[in-house]
Amino acid sequence: MKRLFLLSVTLLMALSASAQYVAADYQSPMYMKAKGGRIFLDDEKLTRAEAAACFSDMDGVDCSSDYLRYRGAYNAGVGLTSAGAATAVVGTSIVVAGGVVALIVAPFAAIGGETELPRKVGLVPKLGGYMTLGGLAMLASGIPLICVYKKRIRTLAEEYNSIAANPRVTMSFGGQPSGIGFAIHF
């Protein structure tokens, strides 16, 4: 009797566990994910045009222009950050190289009685310093652009997922293919 009871309990648990799985013919909504400003739909990278097409009808609202604007600002942030880092490195190396040259040239120019050359050589580190400051300013403006617009792109993808997971259901009254009546649209 115990074995029969244990067997029936085990079968009931197995049946309830199998009811939790989705049938094989069920098509789940596609999951959109934003990674670093790029859009992936079920782990497949979308082009800019494909992503804009996905955002073109989000619950009756066209968000494709928002996506394209956010993506452009994100790319501008990446460009500013890259160019700023390169400019800062080049400017710093000019400061170091110009300082070394100024330290080497200045004593020899003073011995020779030259007064203009040390002043001209001293301008090189100064210009390199300005270049470094410009690069740092580009970095300081590019990083917030990346952060803000990556977040906005991620928010658009989350909105797409929430709309795809919970489609809007509407009911209308009027002419239907089978006559006049109510129709549920989902």
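Since we're looking at a predicted model, the values are computed, not measured.

Student: Can you break down the nonpolar core residue by residue, with the values?
Tutor: In this structure, Met 32, Ile 39, Phe 55, Tyr 67, Ile 153, Leu 156 and Tyr 160 are the most contacted members of the largest nonpolar core, which totals 21 residues. Listed by contribution, the elements that provide at least two residues to this core are strand E1 (32-35), strand E2 (38-41), helix H2 (48-54), helix H3 (64-111) and helix H4 (116-165). Considering each element in turn, this core owes the most residues, six residues, to H4.

Student: For a negative patch on the surface, give the residues involved together with the corresponding values.
Tutor: Taken together, the side chains of Asp 42, Asp 43, Glu 44 and Glu 50 define an acidic patch exposed on the protein surface. Considering the arrangement of structural elements, one finds Asp 42 in the loop between E2 and strand E3 (44-45).

Student: Mind laying out the environment of Lys 35, listing which residues take part and the relevant values?
Tutor: Relative to the assigned elements, Lys 35 resides in strand E1. Assessed through its relative accessible area of 38%, Lys 35 is described here as partly exposed. Separated by 115 residues in the primary sequence, Lys 35 and Lys 150 place their C-alpha atoms 8.3 Å from one another. The contact partners of Lys 35, leaving out residues within four places of it in the chain, are Phe 40 and Asp 43.

Student: Break down the packing of aromatic side chains for me, citing the residues and quoting the values.
Tutor: One pass over the full model with this rule turns up three aromatic pairs. With a centroid separation of 5.2 Å and 40° between ring planes, the pair formed by Phe 55 and Tyr 67 is classed as tilted. Residue Phe 55 is found in the loop between H2 and H3, and its partner Tyr 67 is found in helix H3; the two are separated by 12 residues along the sequence. Residue class for Phe 55 comes out buried when judged on its relative accessible area of 0%. Plain terms: the ring middles of Tyr 70 and Tyr 149 are 5.9 Å apart, the flat faces sit at 45° to each other, and that makes the pair tilted. Within this pair, whereas Tyr 70 is found in helix H3, its partner Tyr 149 is found in helix H4, the two being separated by 79 residues in sequence. With respect to class, Tyr 70 is no different from Tyr 149; both count as buried.

Student: Kindly report on the confidence of the model for the chain, identifying the contributing residues and their values.
Tutor: As a note on interpretation, predicted positions should not be read in detail where pLDDT is low. Counting all residues, the mean pLDDT for the chain is 81, and 84% of those residues have values of 70 or more. Segment residues 17-27: pLDDT under 50, and zero contacts once partners within four positions in sequence are set aside and those in other chains are kept.

Student: Kindly report on the pairing of E2, identifying the contributing residues and their values.
Tutor: Across four bridges, the pairing between E1 and E2 is antiparallel. Paired with Met 32 across the strands is Leu 41, a residue of E2. With antiparallel pairing between neighbouring strands as the criterion, E1 and E2 make up a hairpin whose turn holds two residues, including Gly 36 at a positive phi of roughly 60°. With two bridges joining them, E2 and E3 adopt antiparallel strand pairing. Bridging across to E3, Phe 40 finds its partner in Lys 45. Hairpin geometry of E2 and E3 is characterised by an intervening segment of two residues between the two adjacent antiparallel strands and by a positive phi of about 50° at Asp 42.

Student: Outline the sheet that holds E2, supporting the account with residue identities and numerical values.
Tutor: Sheet architecture is open: three strands sit in the order E1-E2-E3, paired in antiparallel fashion. Only two strands of the sheet have a single neighbouring strand rather than two, namely E1 and E3.

Student: Break down the pattern of salt bridges for me, with residues and values.
Tutor: With the rule as written, the count across this model stands at one salt bridge. Close ionic contact of Arg 69 with Asp 66 constitutes a salt bridge, the shortest N to O distance being 3.4 Å. Pair noted here: Arg 69 and Asp 66 are both in helix H3, with a separation of three residues, about one helical turn. For Asp 66, a relative accessible area of 22% corresponds to the partly exposed category.

Conventions adopted
Residues numbered from 1 in each chain as written. Predicted model: local features only at pLDDT ≥ 70, side-chain atom pairs only at ≥ 80, totals over all residues. Heavy atoms only, no water. Core = buried A, V, L, I, M, F, W, Y, C linked by side-chain atoms within 4.5 Å. Buried < 20%, exposed > 50% of the residue type's maximum accessible area, 1.4 Å probe, protein only. Helix = DSSP H or I, 4+ residues; strand = E, 2+ residues; numbered from the N terminus. Patch = residues over 30% accessible without salt bridge, like charges linked within 9 Å, V, L, I, M, F, W, Y side chains within 5 Å. Areas by Shrake-Rupley, 256 points an atom, 1.4 Å probe, with all protein chains shown as cover. Salt bridge = Lys/Arg side-chain N within 4 Å of Asp/Glu carboxyl O. Lys, Arg positive; Asp, Glu negative; His and termini not counted. Charge placed at Lys NZ, Arg CZ, Asp CG, Glu CD. Contact = heavy atoms within 4.5 Å. Phe/Tyr/Trp six-rings, centres within 6.5 Å; stacked < 30°, edge-to-face > 60°. pLDDT = per-residue confidence, 0-100. Pairing = 2+ DSSP bridges.

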